[in-house]
Amino acid sequence: GAVTTFLGGAWPHAWQVWPAFAPVLPFTELFCPNQEGAAIITGEGDAWRQSEIVLKPGAGAVVITRGAEGVVVRTPQAAFSAAALPIDFDKQKPAK
């Protein structure tokens, strides 16, 4: 059967591991770094440019998370952004 591969998270010194990490992306359906991690990897501050750069090695899709600014999503066929959902933390009940 098929295996879905998701890579996410932030890594200290990500720029140092990028040359070894990039060859894994053609076998990755979804690569999901946050904007700060993507900036370290790509040297770019703009999430649109980051998504373009990290998609090139061949991931099926890239989602750059941007906190309150939402996400930038890029596939080989399309690119779009989505807003973050508003959350009113003052009205949230504490977890038990």
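These numbers come from a predicted model, not from an experiment. (Residues numbered from 1 in each chain as written. Predicted model: local features only at pLDDT ≥ 70, side-chain atom pairs only at ≥ 80, totals over all residues. Heavy atoms only, no water.)

*Asks:* Describe the overall build of the protein, and please don't skip the residues or the numbers.
*Replies:* Counting secondary structure elements, the protein contains three helices and five strands. Taken from the N to the C terminus, the helices and strands of the protein come in the order β-α-β-α-α-β-β-β. Per-residue burial over the protein gives 31% buried out of 96 residues. A separation of at least 24 residues holds for 41% of the contacts in the protein among residues at least 6 apart in sequence. Carbon and sulfur atoms form 60% of the exposed surface of the protein, whose accessible area is close to 6400 Å². (Helix = DSSP H or I, 4+ residues; strand = E, 2+ residues; numbered from the N terminus. Buried < 20%, exposed > 50% of the residue type's maximum accessible area, 1.4 Å probe, protein only. Contact = heavy atoms within 4.5 Å. Areas by Shrake-Rupley, 256 points an atom, 1.4 Å probe, with all protein chains shown as cover.)

*Asks:* Which residues make up the confidence of the model for the protein, and what values do they have?
*Replies:* Across the protein, pLDDT averages 83, with 78% of residues at or above 70. Considering each helix and strand of the protein separately, the mean pLDDT is smallest for helix 1 (residues 14–21), with a value of 68, and largest for strand 4 (residues 71–74), with 98. (pLDDT = per-residue confidence, 0-100.)

*Asks:* Which residues make up the nonpolar core, and what values do they have?
*Replies:* Proteins that are soluble and globular tend to have nonpolar side chains buried together. Counting 14 residues, the largest nonpolar core has W18, L25, F31, V54, V62 and I64 as the members making the most contacts within it. Listing elements by their share of this core, those giving two or more residues are helix 1, helix 2 (35–42), helix 3 (47–55) and strand 3 (61–65). Take this core: its biggest share by element is three residues, from helix 3. Apart from the residues within four sequence positions on either side, I64 is in contact with P33, N34, Q35, A38, A47, Q50, S51, V54, G70, V71 and V72. (Core = buried A, V, L, I, M, F, W, Y, C linked by side-chain atoms within 4.5 Å.)

*Asks:* Go over the pairing of strand 5 (residues 79–82), please, and point to the residues and values.
*Replies:* On a regular strand, one side chain projects to one face of the sheet and the next to the other, so that they alternate. Where strand 4 lies against strand 5, four bridges are found, and the strand directions are antiparallel. Across the sheet, residue V71 finds its bridge partner in strand 5, namely A82. If you look at the hairpin formed by strand 4 and strand 5, you'll find four residues sitting between the two strands. (Pairing = 2+ DSSP bridges.)

*Asks:* Lay out helix 2 in plain terms, naming residues and giving numbers.
*Replies:* Residues of helix 2 that are buried: G37, A38, I41 and T42. End-on view of helix 2: buried residues confined to an arc of 120°, all on one side of the axis. The backbone nitrogen of E36 has a side-chain oxygen 3.2 Å away, supplied by the residue at the start of helix 2, namely N34. (Arc of directions from axis to C-beta. Polar contact = N/O pair within 3.5 Å; in protein donor to acceptor, adjacent residues only side chain to side chain.)

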